[in-house]
Amino acid sequence: MPTTPDLLRRALVLAAGLLSLALTPAAHAARDSLIENGNFEADNNRDAWPDEWPRLGENASWESENGNRFLRMKSTVPDKMVMLYRPIMLPAGTEALELKWRWRVTDLKPGS
């Protein structure tokens, strides 16, 4: 069973992963995001999954709430981490990045 420091480490890894979802250059407006479909809204190929994002199988679903699309990731097996990532190419000469994201955690239970 994971300990509280293990759960905190996992939460920080998740936060770091989510940081990469909203990676934008500080000198650019949000519309110039480095991440194509970084807001998970587009599904132009109509496959019921956000374009440009890898599928996570049964541990994730593409949801909508109050008109906003998002990925819901769920860990159902103890000591197994669910994560989503994709490489982001930074333009040559990038000197600074501005990171923004929103996340919600529910039912996080510390180990004993």
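Structure: see above.
Visitor: What should I look at first to understand the pattern of salt bridges in this one?
Guide: Pairing is possible between side chains of opposite charge, provided their charged atoms come close. On inspection of all chains with the given rule, the structure shows four salt bridges. Glutamate 65 is the partner of arginine 104 in a salt bridge, and the nearest nitrogen-oxygen pair spans 2.7 Å. Highlighted residues: arginine 104 in the segment after strand S4 (97–99) and glutamate 65 in strand S2 (residues 60–65), separated in sequence by 39 residues. Given the relative accessible area of 33%, glutamate 65 is considered partly exposed. When the shortest N-O distance is used, the salt bridge between lysine 100 and glutamate 98 registers 3.0 Å. Lysine 100 sits in the exposed class, given a relative accessible area of 52%.

Visitor: Explain the packing of aromatic side chains to me, please; I cannot follow it from the model alone.
Guide: Describing an aromatic ring pair means giving the distance of the ring centres and the angle of the ring planes. Scanning the entire structure with this criterion turns up one aromatic pair. On the numbers, 4.9 Å between centres and 45° between planes, the contact of phenylalanine 40 with tryptophan 53 is tilted. Taken together, the residues span a long stretch of sequence, with phenylalanine 40 in the loop between strand S1 (23–25) and S2 and tryptophan 53 in the loop between S1 and S2 at a distance of 13 residues. Assigned by exposure class, phenylalanine 40 and tryptophan 53 land together as buried. Over the ring of tryptophan 53 we find arginine 86; its NZ or CZ atom is 4.3 Å from the centre of that ring.

Visitor: Whenever I open this one, the pairing of strand S3 (residues 68–73) confuses me. Can you help?
Guide: Side-chain positions along a regular strand alternate between the two faces of the sheet. Two elements, S2 and S3, share six bridges in a ladder whose sense is antiparallel. In the strand pairing of S3, tryptophan 62 is matched with leucine 71. What sits between S2 and S3 in their antiparallel hairpin is a turn of two residues, with asparagine 66 showing a positive phi close to 55°.

Analysis parameters
- Residues numbered from 1 in each chain as written.
- Predicted model: local features only at pLDDT ≥ 70, side-chain atom pairs only at ≥ 80, totals over all residues.
- Heavy atoms only, no water.
- Salt bridge = Lys/Arg side-chain N within 4 Å of Asp/Glu carboxyl O.
- Helix = DSSP H or I, 4+ residues; strand = E, 2+ residues; numbered from the N terminus.
- Buried < 20%, exposed > 50% of the residue type's maximum accessible area, 1.4 Å probe, protein only.
- Phe/Tyr/Trp six-rings, centres within 6.5 Å; stacked < 30°, edge-to-face > 60°.
- Lys NZ or Arg CZ within 6 Å of the ring centre and 35° of its normal.
- Pairing = 2+ DSSP bridges.

Remember that the coordinates give geometry; whether it matters functionally is a separate question.
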